[in-house]
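# Fold and contact review
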Amino acid sequence: MRFLAFLLVSVGLFAQEFAQGWMGEFEHASKQIHQLLEATPEAKLAWRPAPGIRSTAEVHAHIISGNYFLLRAAGIASPGNSKDMPKSFSSKAEIAKLLKDSEDAVRAAYPKADMKKAVKFLGKDTTVEGVFLRLLVHSHEHMGQLIAYARSSGVVPPWSAK
């Protein structure tokens, strides 16, 4: 009986946290990306798994520029531009600010977007909703990459240290 009660409570908590649709999933990825950034010592931001592969800081830059690129692909004017992304960062605080700014642009655009509007994306017909789906997948893809980078460089993701 206790196990059944535990299971029901666990499923309910899971549903509350993750079953909030698109924005809930975006917030989940954003939260973990920020937690990984916070847990990563400044010196390890230059870590890369092999020569020629993006460093940890460069993965963050890619996420930031991807957010702006995908908003523009959806036909949404955004305050940032992927072409303005610095080649290197002066600090972890700078990465955190640029990341938050790009995520805030997504948060502001999502509720107002015309999801059924037709757009061209990388030469193919799709909808604004299809581009936002790509943005969500992109966030989760690179969240996973940053988890692997963290573990490989000796950083323990904060949520797994408990």
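Anything mentioned here points back to the structure above.
The structure displayed is predicted, hence computed values, not measured ones.

Turning next to the overall build of the protein. Secondary structure summary: the protein contains five helices and two strands in total. Scanning the protein from its N terminus toward the C terminus, one meets helices and strands in the order α-α-α-α-β-β-α. Evaluated residue by residue, the protein yields a buried proportion of 38% over its 162 residues.

With that out of the way, let us pick up unusual backbone geometry. A positive phi is found at Leu 122, a non-glycine position, where the angle reads about 50 degrees. Turning to its location among the elements, Leu 122 is positioned in the loop between strand S1 (118-121) and strand S2 (124-127).

Turning next to the pattern of salt bridges. In total, this model carries eight salt bridges according to the counting rule given. Of the charged contacts in the structure, one is a salt bridge between Arg 48 and Glu 58, with a shortest N-O distance of 3.1 Å. Taken together, the residues Arg 48 in the loop between helix H2 (21-39) and helix H3 (56-73) and Glu 58 in helix H3 connect sequence positions 10 residues apart. When its relative accessible area of 29% is taken as the criterion, Glu 58 is described as partly exposed. Across the pair Asp 104 and Lys 100 runs a salt bridge, and its minimum N-O distance is 2.6 Å. Of the two residues, Asp 104 and Lys 100 are both situated in helix H4 (residues 92-109); the distance of four residues between them amounts to about one turn of the helix. For Asp 104, a relative accessible area of 28% corresponds to the partly exposed category.

At a closest axis distance of 11 Å, the pairing of H2 and H4 adopts a crossing angle of 175 degrees. Viewed along their axes, H2 and H4 adopt a mutual orientation that is roughly antiparallel. Only Lys 92, Ile 95, Ala 96, Leu 99, Lys 100, Glu 103, Val 106 and Arg 107 of H4 make contact with H2, whose side of the interface consists of Trp 22, Met 23, Phe 26, Glu 27, Ser 30, Ile 33, His 34, Leu 37 and Glu 38.

Within the element layout of this structure, Ala 73 appears in helix H3. Residues Ala 73 and Phe 121 lie 48 residues apart in sequence; the distance between their C-alpha atoms is 6.2 Å. The contact partners of Ala 73, leaving out residues within four places of it in the chain, are Val 119, Lys 120, Phe 121 and Val 131.

This next bit is on the pairing of S2. Summarising the sheet, S1 and S2 pair through four bridges and their orientation is antiparallel. The partner of Phe 121 across the bridge, within S2, is Lys 124. Counted between consecutive antiparallel strands, the loop separating S1 from S2 contains two residues, among which Leu 122 sits at a positive phi close to 50 degrees.

Bringing the packing of aromatic side chains into the picture now. Using the criterion set out here, one finds six aromatic pairs in the structure. Plain terms: the ring middles of Trp 47 and Tyr 149 are 5.3 Å apart, the flat faces sit at 75 degrees to each other, and that makes the pair edge-to-face. You can see Trp 47 sitting in the loop between H2 and H3 and its partner Tyr 149 sitting in helix H5 (residues 128-152), a full 102 residues away along the chain. Judged by centre distance (6.4 Å) and plane angle (50 degrees), the rings of Phe 69 and Phe 121 are tilted.

Core analysis: the largest hydrophobic core is formed by 32 residues, its most contacted members being Trp 22, Leu 71, Ile 76, Val 106, Val 128, Val 131 and Phe 132. The dominant element in this core, judged by the number of residues it contributes, is H5, at nine residues. When neighbours within four sequence positions are excluded, Ile 76 is seen to be in contact with Leu 71, Ala 109, Ala 113 and Phe 132.

Moving on, we come to the packing of H3 against H5. Packing of H3 against H5 leaves a shortest axis separation of 10 Å and a crossing angle of 175 degrees. It follows from the interaxial angle that H3 and H5 lie roughly antiparallel. Across the interface between the two elements, Thr 56, Val 59, His 60, His 62, Ile 63, Gly 66, Asn 67, Leu 70, Leu 71 and Ala 73 from H3 touch Val 131, Phe 132, Arg 134, Leu 135, His 138, Ser 139, His 142, Gln 145, Leu 146 and Tyr 149 from H5.

Reading the values: rules and limits
Residues numbered from 1 in each chain as written. Predicted model: local features only at pLDDT ≥ 70, side-chain atom pairs only at ≥ 80, totals over all residues. Heavy atoms only, no water. Helix = DSSP H or I, 4+ residues; strand = E, 2+ residues; numbered from the N terminus. Buried < 20%, exposed > 50% of the residue type's maximum accessible area, 1.4 Å probe, protein only. Salt bridge = Lys/Arg side-chain N within 4 Å of Asp/Glu carboxyl O. Axes fitted to C-alpha atoms, helices over the stretch in contact; angles between N-to-C directions. Parallel < 35°, antiparallel > 145°, perpendicular 65-115°, else oblique. Contact = heavy atoms within 4.5 Å. Pairing = 2+ DSSP bridges. Phe/Tyr/Trp six-rings, centres within 6.5 Å; stacked < 30°, edge-to-face > 60°. Core = buried A, V, L, I, M, F, W, Y, C linked by side-chain atoms within 4.5 Å.

The analysis is restricted to geometry; functional conclusions fall outside its scope.
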